[in-house]
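Below are the chains, spelled out letter by letter.
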Amino acid sequence: MNSTAATRPNGLALFILPSALLFALFFFLPIGLMAVMSVLTGNPVVMPKVAFTTRHYVRMIGDPFYLEVIWTTVRIGLVTTLVALAIGYPLAHWMARIKSRTGHALLLMAVLAPMLTGIVVRTFAWMTLLSDKGVVNETLMSLGLISQPLKLMYTETGIVVGLVHIYVPFMVLTLTGVIGRIDERLEQAAENLGASPLRAFLEVTLPLSLPGILAGSLLVFALAISAYVTPILLGGFQIMTLPILIYQQISANFNVGFAAALGIVLLVISLLLVVAYNRALGLVSGQRELQ
Amino acid sequence: MMKALGPLSRRRFLTASASLGIGTIAAPYVARADDPTLRITGWGGKWGDIMKAEIGPAFESEFKCKLQTDSAFPYLPKLQASSRSAPIYDVLHTNSNEQWAAAEMGLIEPKIDPKLVPNLADVYPYAISDKIVGVSIFTSAIGLGMRTDKGYSGVTSWKDLWDAKYNGVRGGYVIPVNSLGQAFLMMCGTLFGKGQTDLDAAYAALEKLKPIKIVDFTGAMEKMLLSGEVGMCVIHDSGIYRYDGQNQPTDFVSPSEGVLSLEQVLTITPGSKMKELANAYVNYMLRPEVQKRLAETVWYSPANKKVKLDAKYDAKLLTTPEKVSKLIQVDWKWYNERKDEIDQRVNRIFRA
């Protein structure tokens, strides 16, 4: 074996090095700093006497309010994911199986078009629809169907509506690729063997599209639990989620340590989900765990 | 004898192009490198517009410097993260509650030296009272804002806000992040308890305010009031008066129990390398002509006693010792010491 060739870095490694360094600098370093800040009594850069402490985590565990905030965040994330999946799956299936190129292009444009507008603008659009003086309530009241405005905003439902609208394209685009790669002849074979179209879908297409369902759900859930603008605007500050609490701690309480601890909790929730996803994907694809 | 230039190689071309590019980008900065830069904070909107168009350039011209304004709120976390010896700002402009928090963290100098800021001698006592760190250059009156087209009448007291007829159209603030909300909480203690510090009475009163629509900034409240989404709310006078002449069906009510003070406070950071310029800026902002121009643009009550506003503004703003005496100042030092506890409680109260 040529020892020179063995020690020489290969070209691909050198090619990856800049992006790896960038990733380390702007991803791992900030997370590491956040983890350190979460167990310190202050900022060591600007404060002379700083010690290790667990008080931020003790405070979080000791007060049921924070646990309720964590559960509210997770609940909104789960409901958003399920609704986005329910809306996104049929659309993705249609996009993946449509024969017409024009039809596919039109559907793709329909899915992508909302993403060309900023999240703030889209959320404000929902506010004009859902507020007490919004289009929905004013229309219903002018038709005499209701006498008092329906409480469509400042509720978890309002937040979920806004988040689903924003994140459905992520679900659709993830699912379309996976469903598009499923061989249609498998469904046809199932039907030739006597299965109804529904059974063929349930027993062939759906299991084969599970990796897409899991990937899309993971993406939407992670985005939904870390959303800030939509929960603030459509929740009217009456629905407290982790990102809102983190912002409050930074901007108004100037408690960077506690904000960092809350950030770590948000990160841990996301990581647990990734691990669960990995295991679930391994199980459905016949492996114990993805390597 | 001149050395002849060699043929233009690719390396030489790239070097020359890069040098030219960097030189072009850097030229304006190099040209202004001699001008000292004063880094300040400031609001956006009408305040930001007039500061950028008139007040700021006039200061730059007179003091031969550059003003670098950060109007991207929140300022205090940025100052908190910067080095004490080289702070991100020289002059901090915020509301009083944040200035107290900054003082407690040692991020600002608690007092302005009257020898270095001569105009300090002309301000109303509230502007440099023991409830203020630095100096309050303007104040707004926090009271009640209401729609005038909904048949609401006879509103004279803070307690009118609790009237059941405002259920569904009542407006307030996210107390943990908003000065008006925090000041209002203290007022609740006065209205229904033993005084500003009676938190239990304040919490009980806030509980009875529900249903209420809450926002984080006064600008959002202004929009909700203008759209009719809110009919009665806590707001500062400037948030109503700035729409003067636009025929908006809104009005400001000064409650009989007094109006709360929303101060615009300037302080200087201890590590500033531009102390002289920073003091000059504070003094400049207290000049009668600067105060008049800003007051008549954004409807803030000037802190300088010598300012003579036009009749329209004089009639509504706090421009005499008698009017100023109606102002109720909040003990922000006391409040900030209990902020975490208060935030946890009010977050629970206003949770849907």
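Because the structure is predicted, anything quoted here is derived from the model rather than measured.

### So, the overall build of chain B
Right, so step 1: Each helix and strand counted, chain B has 14 helices and eleven strands in total.
Right, so step 2: Along the three orthogonal principal directions, the C-alpha set of chain B runs to about 95 × 45 × 45 Å.
Right, so step 3: Split into buried and exposed, the 352 residues of chain B put 55% on the buried side.
Right, so step 4: Excluding contacts between residues fewer than 6 apart, the proportion of contacts in chain B whose partners are at least 24 apart in sequence is 73%.
Right, so step 5: Just so you have it, chain B exposes about 15,700 Å², and 56% of that area is on carbon and sulfur atoms.
Right, so step 6: In chain B, 44 positive and 39 negative side-chain charges are present, and the distance between their average locations comes to 6 Å.

### Let's talk about the environment of Val229(A)
Residue and element names in this part refer to chain A.
Right, so step 1: Relative to the elements of secondary structure, Val 229 occurs in helix 12 (residues 229-235).
Right, so step 2: Judged by its relative accessible area of 27%, Val 229 falls in the partly exposed class.
Right, so step 3: Distance in space between the C-alpha atoms of Val 229 and Leu 163 is 9.8 Å, their sequence separation being 66 residues.
Right, so step 4: In contact with Val 229, other than residues within four places in its own chain, are Ile 119, Val 120 and Thr 123.

### A closer look at the interface of chain A and chain B
Right, so step 1: Across the contact, 28 residues belong to chain A and 34 residues belong to chain B.
Right, so step 2: When chain A packs against chain B, the two sides together hide about 2,500 Å² of surface, and 51% of this comes from carbon and sulfur.
Right, so step 3: On the chain A side of the contact with chain B, Phe237(A), Gln238(A) and Phe254(A) bury the most area, a combined 27% of that side's loss.
Right, so step 4: Summed over the shared surface of chain A and chain B, the result is four salt bridges.
Right, so step 5: Counting the contacts that link chain A with chain B gives 13 residue pairs in polar contact (both at pLDDT 80 or more).
Right, so step 6: Put simply, the parts of the chain that give the side of chain A that touches chain B at least two residues each are helix 4 (64-97) and helix 13 (242-251) of chain A.
Right, so step 7: Sort the elements by how many residues they give to the side of chain A that touches chain B and helix 13 of chain A lands first, with five residues.
Right, so step 8: For the side of chain A that touches chain B, a count of residues per class yields 15 nonpolar, eight polar and five charged.

### A few points about the UniProt feature "transmembrane region" (unreviewed entry) in chain A
Residues and elements named next belong to chain A.
Right, so step 1: Residues annotated in UniProt with the feature "transmembrane region" (unreviewed entry) correspond here to residues 12-40, 69-92, 104-125, 159-179, 200-222, 228-247 and 254-277.
Right, so step 2: Annotation note: span residues 159-179, helix share 100%, strand share 0%, distance between end C-alpha atoms 29 Å.
Right, so step 3: Each end of residues 254-277 is marked by a C-alpha atom, and these two atoms are 36 Å apart; helix forms 92% of the span and strand 0%.

### So, helix 8 (residues 156-180) of chain A
Right, so step 1: Relative to the 36 Å expected for 25 residues at 1.5 Å per residue, helix 8 of chain A spans 34 Å between its end C-alpha atoms, a close match to the ideal helical length.
Right, so step 2: In the structure, helix 8 of chain A departs most strongly from a straight axis at Tyr167(A), where the bend amounts to approximately 40° and where the proline Pro169(A) lies between one and four residues downstream.

### Structural notes on the packing of helix 6 (residues 199-209) of chain B against helix 14 (residues 339-349) of chain B
In a pair of packed helices, the angle between the axes and the distance between the axes together describe the arrangement.
Residues and elements named next belong to chain B.
Right, so step 1: Between helix 6 and helix 14, whose axes approach to 10 Å, the crossing angle comes to 20°. As the angle between them shows, helix 6 and helix 14 are arranged roughly parallel. Crossing angle aside, the handedness with which helix 6 passes helix 14 is right-handed. Contacts between helix 6 and helix 14 involve Leu 199, Tyr 203, Leu 206 and Glu 207 on the former and, on the latter, Glu 341, Ile 342, Arg 345, Val 346 and Ile 349.

### What to know about the UniProt feature "domain: ABC transmembrane type-1" (unreviewed entry) in chain A
Right, so step 1: When the UniProt feature table is mapped onto this chain numbering, "domain: ABC transmembrane type-1" (unreviewed entry) sits at residues 70-277 of chain A.
Right, so step 2: With 77% helix and 0% strand, residues 70-277 of chain A has end C-alpha atoms that lie 20 Å from one another.

### Let's talk about the packing of helix 4 of chain A against helix 5 (residues 101-112) of chain A
Residue and element names in this part refer to chain A.
Right, so step 1: Helix 5 packs onto helix 4 with a crossing angle of 150° between their chain directions and a minimal axis gap of 9 Å. Remark: the crossing between helix 4 and helix 5 carries left-handed chirality. Residues Leu 91, Trp 94 and Met 95 of helix 4 pack against His 104, Leu 107, Leu 108 and Val 111 of helix 5.
Right, so step 2: Taken together, the residues of the contact of helix 4 with helix 5 sort by class into six nonpolar, one polar and no charged.

### Examining the pattern of salt bridges
Right, so step 1: Under the criterion given, the structure shown has 27 salt bridges over all chains.
Right, so step 2: In this structure, Lys213(B) and Glu229(B) form a salt bridge, with 3.6 Å as the shortest nitrogen-oxygen distance. In this pair, Lys213(B) sits in strand 6 (residues 213-215) while Glu229(B) sits in the loop between helix 7 (218-227) and strand 7 (232-236), placing the two residues 16 residues apart along the sequence.
Right, so step 3: What makes Lys213(B) buried here is its relative accessible area of 6%.
Right, so step 4: When its relative accessible area of 6% is taken as the criterion, Glu229(B) is described as buried.
Right, so step 5: Here Lys292(B) makes a salt bridge to Glu296(B), at a shortest N to O gap of 2.9 Å. Placement of both Lys292(B) and Glu296(B) in helix 10 (residues 288-298) is noted, with a separation of four residues, approximately one turn of the helix.
Right, so step 6: A residue is classified by how much of its surface remains accessible, and Lys292(B), at 26% relative accessible area, is partly exposed.
Right, so step 7: Via salt bridges that share partners, Asp132(A), Lys213(B) and Glu229(B) belong to a single interconnected network.

### A look at the domain arrangement of chain B
Residue and element names in this part refer to chain B.
Right, so step 1: Here chain B is described as being made up of domain 1 (37-139 + 262-332) and domain 2 (141-256).
Right, so step 2: The gap between the C-alpha centroids of domain 1 and domain 2 is 26 Å.
Right, so step 3: Across the boundary between the two partners, domain 1 contributes 19 residues, which contact 16 residues of domain 2.
Right, so step 4: Surface buried jointly by domain 1 and domain 2 totals about 1,500 Å² across both partners, of which 59% is contributed by carbon and sulfur atoms.
Right, so step 5: Of all residues in domain 1, Leu 262, Trp 299 and Lys 316 give up the largest surface area on contact with domain 2, accounting jointly for 35% of the area buried on that side.
Right, so step 6: The tally of links from domain 1 across to domain 2 stands at two salt bridges.
Right, so step 7: Lys 316 is the salt-bridge partner of Asp 244, the closest N and O atoms lying 3.6 Å from each other.
Right, so step 8: Summed over the shared surface of domain 1 and domain 2, the result is eight residue pairs in polar contact (both at pLDDT 80 or more).

What counts and what doesn't
- Residues numbered from 1 in each chain as written.
- Chains lettered and ligands numbered in written order.
- Predicted model: local features only at pLDDT ≥ 70, side-chain atom pairs only at ≥ 80, totals over all residues.
- Heavy atoms only, no water.
- Helix = DSSP H or I, 4+ residues; strand = E, 2+ residues; numbered from the N terminus.
- Buried < 20%, exposed > 50% of the residue type's maximum accessible area, 1.4 Å probe, protein only.
- Contact = heavy atoms within 4.5 Å.
- Areas by Shrake-Rupley, 256 points an atom, 1.4 Å probe, with all protein chains shown as cover.
- Lys, Arg positive; Asp, Glu negative; His and termini not counted.
- Charge placed at Lys NZ, Arg CZ, Asp CG, Glu CD.
- Buried area = accessible area lost by both parts, 1.4 Å probe.
- Salt bridge = Lys/Arg side-chain N within 4 Å of Asp/Glu carboxyl O.
- Polar contact = N/O pair within 3.5 Å; in protein donor to acceptor, adjacent residues only side chain to side chain.
- Nonpolar A, V, L, I, M, F, W, Y, C, P; charged D, E, K, R; others polar.
- UniProt positions renumbered as here; feature names shortened; annotations may be inferred.
- Expected span 1.5 Å × (residues − 1).
- Bend = angle between axes of the 7 residues up to and from the residue.
- Axes fitted to C-alpha atoms, helices over the stretch in contact; angles between N-to-C directions.
- Parallel < 35°, antiparallel > 145°, perpendicular 65-115°, else oblique.
- Left-handed = near helix turned anticlockwise from the far one by under 90°.
- Domains from an automatic or database assignment.

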